[in-house]
Amino acid sequence: MGIKRLARQCLLVATPAGAAAPGPAMAAGITQDSFPGLGWVAALVLLVLATCLHALSLRRQLHRKVRELAETEERLNTILNSADACIYIKDMQLRYTYGNRKLCERFDRELDEIIGADDSLLFPADMLDTIRAADLRVIEHGERVVYEEEIPSKSGDGMDVFLSIKIPLQGPDGKITSLCGISTDITALRKSQEEVQRLAYYDALTNLPNRRMLLEQLEVAALAFRNAGHLAAVLFVDLDKFKNINDEKGHDVGDTVLCAVAHRLQAIAGQADMVARLGGDEFVLLLRDLGSARLLAQARALEVAEKVRAALGDTITVGEQAYFTGGSIGVALIDAPGKSPIDVLREADTAMYQSKENGRNRVALFRPDMLAHVAERAALLREMDHALQTDQFQLLVQPQFSRQGEVDGLELLMRWDHPSRGMIMPDKFISLIENSGPVMQIGDWVIRQACRLRARMSERGFEHPISVNISPVQLRHPEFNTRVRKILEETGTSPHELILELTESVLIEDVDDTARRMQALADIGLRFSIDDFGTGYSGLAYLHRLPLYELKIARNFIQELPDQDSGTLIRLIIATARLLELRVVAEGVERREQADFLASVGCDSQQGYLHQYPVSMDAWLDECSRRSSPV
Ligand code: C2E
Ligand code: CA
């Protein structure tokens, strides 16, 4: 029987007017009459006993509750103290009534100091108003407040970011009695968020905005045009020589060059403009605020593009070494409501390719007809490997003639005999190969063909050297020298039987390196010729540093003959060649008076339609046979 129940029964039994409330005792047939004389005393004893028992039980319960409470509090404290957040309670006067261990540690205070104190103990004066305002919203309006606070870091260098959640605590009557706050240090999280943001929108190497950021900003610029007619322009910049530097000098040097380029572009860009790196050696300048007059905007964009071109034309020094990279630039305007950021980038990219094709280190403004041209080039590029495998490339022979009218050399000129497009001239595909095609495979093929032709000519008694055009990309390739030697060996060709024609521009870049590469080949007997001499750079100072055999006077000088200035220039070139003991060949000789003039000023050899059009190898070999056999 429960203690409470027992006591209640005792009381019922002791009640004089027990009949008024018949209890279970009566129900069980126990009445005063059952215990005559003992009645009241026994009831009283029982009552006292029951009360004592009840009190004892209550005490026990109380002890247990207190013990349970203490355990609960200890557990709670353990949990609160091991939490990685500052947890605290403030009363209605905003004084601390509780603080966990993290709070004490964060502010380097003992709990005793904190309890009863207000925020002026923990925070600098300039933060107190903000904290108080947040706290009042909690205790006066019962709001749950969540906000970020910046608190001076413990070390004193910088700020820590805390996410604070403050909630009201209510008494049993529902009234707010205090405020509980949980403040979590999210500094590391914030930093990693910022890093993620940086990685998502900025280029890690140069710290410039990346493609994603650029596209967003282009969207903004496109909107500014649609809403207010504000024109903007995109300058697509591609470095001309970067790949060589990166391949030959390694990525560290390459990275330094890219950072230097980024600085130069930033120095040119205005406040409102943006410089982004798309990746590799591609950069974009977004020029904003170009007004609303299209022609003026165009002129302004081209002016900036020209500045960029000039800035990239200056050498970049890394360590002791100076590098020349140059850049081709394409310009497109955000000037039509339907133009998307991708459209305008594509246009600028297309114009950039046009600059490259025009000879690199140039600026081109986008024109719609460029797109068709690009599509055609892309198609050619796709077909190139197949063309190589299926013998679609051909080499024509154009002989050179001495002053006495004898053949004294010949040049091989490439053609692409395309199954559906017909004969394609080199100016349509050579730059394509150089920019992104199988330049080394095709270059090897040309040299191998030259060696084979040389052997077949030799069989017919023709021992003249064969000139082959070498692309700058080929010469700069780390494997070029080895590949040439290998082909010579494989075909049993003597190096004296070939002349490698190089353009002037490739020679002046990084002269030391070029000279070293050329010398290694010259040492085994290969000879070098400067093609299109006079078109590139007037400085002749570098010539004596290179192992040269020949100069080829550019066709445009010959075509202008007998114009007096061209005549003077040609005399000058021949005098220089004499000084350096170089042979001189004139190319593109079409008219008799040109040939006569050249002969009169001592030009060693001539090549051109006047003497002979380029012919197929078979035709040339037939000619060799004819010429060698006595009539
Ligand atoms: P290039 O080395 O300056 O070649 C001379 C160009 O002048 C050739 O054009 C030739 O057909 C042309 N030509 C010859 N005589 C005359 C003439 O009397 N009048 C005129 N107007 N032109 C004449 P082609 O064959 O179209 O070659 C153009 C360029 O393509 C070459 O210029 C050369 O830089 C490049 N190229 C040709 N074959 C190869 C090759 O196998 N490899 C490389 N890398 N480039 C090549
Ligand atoms: Ca040539």
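Residues numbered from 1 in each chain as written. Chains lettered and ligands numbered in written order. Predicted model: local features only at pLDDT ≥ 70, side-chain atom pairs only at ≥ 80, totals over all residues. Heavy atoms only, no water.

(A) A look at the overall build of the protein. Helix and strand content of the protein: 23 helices and 22 strands. Radius of gyration (C-alpha) of the protein: 47 Å, far over the 25 Å computed for a compact globule of 631 residues. Overall, the C-alpha framework of the protein stretches about 175 × 55 × 50 Å when taken along its three principal axes. Taken over 631 residues, the protein has a buried fraction of 44%. Considering only intrachain contacts with a sequence separation of at least 6, the fraction spanning at least 24 residues in the protein is 60%. A total of about 32,700 Å² of accessible surface is found on the protein, and carbon and sulfur atoms cover 54% of it. Between the averaged position of the 71 positive side-chain charges in the protein and that of its 90 negative side-chain charges there is a distance of 5 Å. (Helix = DSSP H or I, 4+ residues; strand = E, 2+ residues; numbered from the N terminus. Rg over C-alpha atoms; globule rule 2.2 N^0.38 Å. Buried < 20%, exposed > 50% of the residue type's maximum accessible area, 1.4 Å probe, protein only. Contact = heavy atoms within 4.5 Å. Areas by Shrake-Rupley, 256 points an atom, 1.4 Å probe, with all protein chains shown as cover. Lys, Arg positive; Asp, Glu negative; His and termini not counted. Charge placed at Lys NZ, Arg CZ, Asp CG, Glu CD.)

(B) Highlighting the state of the cysteines. The final tally for this structure, using the stated rule, is zero disulfides. Cysteine Cys 451 remains unbridged, with the sulfur of Cys 624 as its closest cysteine sulfur at 16 Å. (Disulfide = S-S within 2.5 Å.)

(C) Expanded view of the side chain of Arg 377. With respect to the helices, strands and loops of the structure, Arg 377 is situated in helix α13 (residues 369-389). At 2.5 Å, the side chain of Arg 377 forms a polar contact with the side chain of Glu 357. Those residues in contact with Arg 377, other than ones at most four positions away along the chain, are Glu 357, Lys 428, Ser 431, Leu 432 and Asn 435. (Polar contact = N/O pair within 3.5 Å; in protein donor to acceptor, adjacent residues only side chain to side chain.)

(D) Molecular detail of the sheet that holds strand β11 (residues 327-334). Read from one edge to the other, the open sheet built from five strands follows the order β7-β8-β6-β11-β12, with strand pairing classed as mixed. Only two strands of the sheet have a single partner each, and these edge strands are β7 (274-279) and β12 (363-365). Direction aside, the axes of adjacent strands within the sheet are offset by 20° on average. Pairing of β7 with strand β8 (residues 282-287) involves five bridges; the strand directions are antiparallel. Counted as the bridge partner of Met 274 is Leu 286 from β8. Running over the sheet, helix α8 (residues 211-228) touches β6 (232-239), β7, β8 and β11 and is turned about 135° from β7. (Pairing = 2+ DSSP bridges. Axes fitted to C-alpha atoms, helices over the stretch in contact; angles between N-to-C directions.)

(E) View of the coordination of the calcium ion (ligand 2). Here the calcium ion (ligand 2) is held by the protein donor atoms Glu 411 (OE), Asn 469 (OD1), Glu 501 (OE), Asp 531 (OD) and Asp 531 (OD), which lie 2.1 to 3.1 Å from it. Classification of the site at the calcium ion (ligand 2) rests on its six donor atoms, whose angles at the metal span 46 to 172°, yielding the label irregular. Motif for the calcium ion (ligand 2), donor spacing along one chain: E-x57-N-x31-E-x29-D. Remark: Asn 469 occurs in strand β16 (residues 466-469) and Glu 411 occurs in strand β14 (residues 407-418); sequence separation between them is 58 residues. Residue classification places Glu 411 among the buried positions, given a relative accessible area of 4%. Relative accessible area serves as the criterion here: at 29%, Asn 469 is assigned to the partly exposed category. (Donors = N, O, S within 2.8 Å, 3.2 Å for Na, K, Ca; no water. Tetrahedral: all angles 85-135°; square planar, octahedral: opposite > 155°, others 65-115°.)

Everything listed here is a matter of coordinates, which is why it stays silent on function.
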